[in-house]
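For reference, the chains in residue letters:
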Amino acid sequence: QELSAILESTYWSKRLSPSPSEVLKQLESLSEMESYTKFMISTAEHEICIFTYLFTWLDTFKEHLISALKRGVEVKVLAHELSRTASKRGFEAKSMGAKVRIYCGEPYPVRGMVVDVKRTVFIPYTALTAEKSLLSPPYYSENVAIVRILRDAFNHVWSESRDLEV
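Given the structure is predicted, the values throughout are model-derived calculations rather than measurements. (Residues numbered from 1 in each chain as written. Predicted model: local features only at pLDDT ≥ 70, side-chain atom pairs only at ≥ 80, totals over all residues. Heavy atoms only, no water.)

## Description of helix H6 (residues 144-159)
Look at H6: 22 Å from first C-alpha to last across 16 residues, which is about the 22 Å you get at 1.5 Å a residue. Burial in H6 covers these residues: Val147, Leu150, Arg151, Ala153, Phe154, Val157 and Trp158. Down the axis of H6, the buried side of the element spans an arc of 155 degrees, and every buried residue falls inside it. Facing away from the buried surface of H6 by more than 90 degrees, the exposed residues are Val144, Ile149 and Ser159. The opening residue of H6, the one whose side-chain oxygen lies 2.9 Å from the backbone nitrogen of Ala145, is Asn143. (Helix = DSSP H or I, 4+ residues; strand = E, 2+ residues; numbered from the N terminus. Expected span 1.5 Å × (residues − 1). Buried < 20%, exposed > 50% of the residue type's maximum accessible area, 1.4 Å probe, protein only. Arc of directions from axis to C-beta. Polar contact = N/O pair within 3.5 Å; in protein donor to acceptor, adjacent residues only side chain to side chain.)

Now the structure itself:
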């Protein structure tokens with residue numbers, strides 16, 4: 001029994017590669033997330049897909065996004081209809097050349113971005129109601145499954161949203 005447990009543990013540790021922390025890296029802080037976000041925007045080649053609610057962080061990354069747009073990167077922003085701040089910043093993002101769409105219904109429980117369908121940085125909400133929202137720590141991943149799940153979710157919400165009218 002003991003030998004079986006040791007061998008099974010060894011078998012699964014060899015079989016389950018990469019480790020969970022390599023699939024989904026928990027970031028230490030929002031400032032670390034900011035650094036990853038700047039890097040991702042600066043190295044984007046084709047597409048940046050942004051899930052946002054308030055879009056309060058636009059000013060922090062504005063120059064990086066403008067640079068990406070000048071490089072020919074398509075920038076798509078999804079913002080919730082109830083957020084007036086997002087709409088104001090959405091107009092600003094649209095004037096820079098980003099595609100901005102507004103979605104209705106429940107606020108999406110993730111904030112973040114997917115870049116080039118290769119990497120993602122995001123914050124999942126553990127509770128999201130009209131009264132409160134609780135954030136989990138931010139995460140970063142280059143794992144194809146994690147990135148595709150978030151990109152597919154983005155595409156689904158994008159297809160059901162409407163263009164931000166100027």
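## Section: the pattern of salt bridges
Taken as a whole and assessed by the stated rule, the structure comprises six salt bridges. Residue Arg101 pairs with Asp163 through a salt bridge whose shortest N-O separation is 3.6 Å. You can see Arg101 sitting in strand S4 (residues 99-103) and its partner Asp163 sitting in strand S9 (residues 162-163), a full 62 residues away along the chain. Through salt bridges with shared partners, a single network forms among Glu47, Lys76 and Arg151. (Salt bridge = Lys/Arg side-chain N within 4 Å of Asp/Glu carboxyl O.)

## Some points on the pairing of strand S2 (residues 47-51)
A regular strand carries its side chains on alternate faces of the sheet. Within S2, five of the five residues are buried, leaving the element largely enclosed by the surrounding structure. Neither face of S2 is exposed, since Glu47, Cys49 and Phe51 on one face and Ile48 and Ile50 on the opposite face are all buried. The pairing of S2 with strand S3 (residues 74-80) spans five bridges and is parallel. Within the sheet, the bridge partner assigned to Glu47 lies in S3 and is Glu74. Of the pairings in the sheet, the one linking S2 to strand S5 (residues 110-115) comprises four bridges and is antiparallel in character. Across the sheet, the residue bridging to Phe51 is Gly112, located in S5. (Pairing = 2+ DSSP bridges.)

## Description of the side chain of Thr120
The topology assignment puts Thr120 in strand S6 (residues 119-128). Of the polar contacts made by the side chain of Thr120, one reaches the backbone oxygen of Met113; its length is 2.7 Å. If sequence neighbours within four positions are ignored, Thr120 has contacts with Met40, Met113, Val114, Tyr139, Tyr140, Ser141, Ile146, Val147 and Leu150. (Contact = heavy atoms within 4.5 Å.)

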